[in-house]
Amino acid sequence: MINTIEKLGAYSVWANATLLRHLDGLVAEGATLPQGALRIFSHVLNAQAIWLGRLTSTPSPVKVWQEHDLAGLHHWHEQTSERFHQYGVEATTTNQAELDRLITYTNSIGEGYTSQVADILTHVPVHGNYHRAQVAKELRAAGLEPINTDFITYCRELSAKAEMADVPSL
């Protein structure tokens, strides 16, 4: 059976890395990245850091709408994307109680909530996908070609790699 949380986490790592490579390429070609695209992608990576903090009861090192330059985006991707994915892998493979655990937290505007860890592990990749689409829109509005980071594109790449290696895909 496919572990959806694990697959969404792996997808999120891939999509963030794919978008970063694309942004690097645009800059290498002399493009100026739209501030809106940087702001939105900063939010994606900030959210990962914030949710990791909530899951591990540690303070967040960033604010929800804190903005980063391209180097900062690389930094926060390296600090959060794989770590968030691994948290999900460990929770889904070894600890059902962790998936069922409820956490209570306060959002960025001071409202209190309680959420199940499994729901958070699903929310963060979906949230990132939503905002990466907004980054694509910002790039296109600035006359730059966006990159496809759709989930199905990730799945196709997984299948192609598995086929080449003659192994089953995730």
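Thresholds, definitions, all that
- Residues numbered from 1 in each chain as written.
- Predicted model: local features only at pLDDT ≥ 70, side-chain atom pairs only at ≥ 80, totals over all residues.
- Heavy atoms only, no water.
- Core = buried A, V, L, I, M, F, W, Y, C linked by side-chain atoms within 4.5 Å.
- Buried < 20%, exposed > 50% of the residue type's maximum accessible area, 1.4 Å probe, protein only.
- Helix = DSSP H or I, 4+ residues; strand = E, 2+ residues; numbered from the N terminus.
- Contact = heavy atoms within 4.5 Å.
- Expected span 1.5 Å × (residues − 1).
- Pairing = 2+ DSSP bridges.
- Axes fitted to C-alpha atoms, helices over the stretch in contact; angles between N-to-C directions.
- Parallel < 35°, antiparallel > 145°, perpendicular 65-115°, else oblique.
- Nonpolar A, V, L, I, M, F, W, Y, C, P; charged D, E, K, R; others polar.
- Polar contact = N/O pair within 3.5 Å; in protein donor to acceptor, adjacent residues only side chain to side chain.
- Phe/Tyr/Trp six-rings, centres within 6.5 Å; stacked < 30°, edge-to-face > 60°.
- Lys NZ or Arg CZ within 6 Å of the ring centre and 35° of its normal.

The next subject is the nonpolar core. By size, the foremost hydrophobic cluster in this structure holds 21 residues, and its most contacted members are Leu23, Leu26, Phe41, Leu73, Val135 and Leu139. Of all the elements, helix 2 (residues 35-56) adds the most residues to this core, at eight residues. When sequence neighbours within four positions are dropped, the list of residues in contact with Leu26 reads Ala31, Leu33, Leu139, Leu144 and Glu145. Counting residues in hydrophobic clusters, the runner-up holds 16 residues, among them Leu55, Ala91, Ala118 and Val124.

Compared with the 21 Å implied by 1.5 Å per residue over 15 residues, the 21 Å span of helix 6 (residues 151-165) between its first and last C-alpha is a close match. Those residues of helix 6 that fall on the buried side of the exposure criterion are Thr153, Tyr154, Cys155, Leu158 and Ala162. In this structure, the buried side of helix 6 is in contact with helix 1 (4-28).

Okay, the pairing of strand 2 (residues 112-116) next. For strand 1 (residues 102-106) and strand 2, the ladder comprises five bridges, and the chain directions are antiparallel. Pairing of Tyr105 across the sheet is with Tyr113, part of strand 2. Taken together, strand 1 and the strand that follows it, strand 2, pair antiparallel across an intervening segment of five residues, in which Gly110 is found at a positive phi of about 90°.

Before going further, it helps to examine the packing of helix 1 against helix 6. Where helix 1 contacts helix 6, the axes come no closer than 10 Å and their chain directions differ by 95°. One way to sum up the angle between helix 1 and helix 6 is to call them roughly perpendicular. Listed contacts from helix 6 to Lys7, Leu8, Ala10, Tyr11 and Trp14 of helix 1 are Phe151, Thr153, Tyr154, Cys155, Glu157 and Leu158. Classifying every residue of the contact of helix 1 with helix 6 by side-chain character gives eight nonpolar, one polar and two charged.

Mapping His127 onto the fold places it in helix 5 (residues 117-141). Considered as a pair, His127 and Thr58 are 69 residues apart in the sequence and their alpha carbons are 21 Å apart. If we skip the residues at most four places from it in the chain, His127 touches His43 and Ala47. For His127, the side chain forms a polar contact with the side chain of His43, separated by 3.1 Å.

Before going further, it helps to spend a moment on the side chain of Asn16. With respect to the helices and strands, the residue Asn16 is situated in helix 1. Judged by its relative accessible area of 0%, Asn16 is buried. Leave out the neighbours within four places in its chain, and Asn16 touches Phe41, Val44, Leu45, Gln48, His77, Ser81 and Arg132.

Per the stated rule, a full pass over the model turns up seven aromatic pairs. Their ring planes at 55° and their centres at 5.8 Å tell us that Tyr11 and Tyr154 sit as a pair that is tilted. Of the two residues, Tyr11 is situated in helix 1 and Tyr154 in helix 6; the sequence distance between them amounts to 143 residues. Considered together, Tyr11 and Tyr154 belong to a single accessibility category, that of buried residues. Between Trp14 and Tyr154 the ring centres are 5.5 Å apart and the planes differ by 45°, which places this aromatic pair in the tilted class. You can see Trp14 sitting in helix 1 and its partner Tyr154 sitting in helix 6, a full 140 residues away along the chain. The pair Trp14 / Tyr154 is uniform in exposure class, with both members buried. Among the aromatic residues, those joined into a ring-pair cluster are Tyr11, Trp14, Phe151 and Tyr154. Cation over ring: Arg54 sits above Trp51, and NZ or CZ is 4.4 Å from the ring centre.

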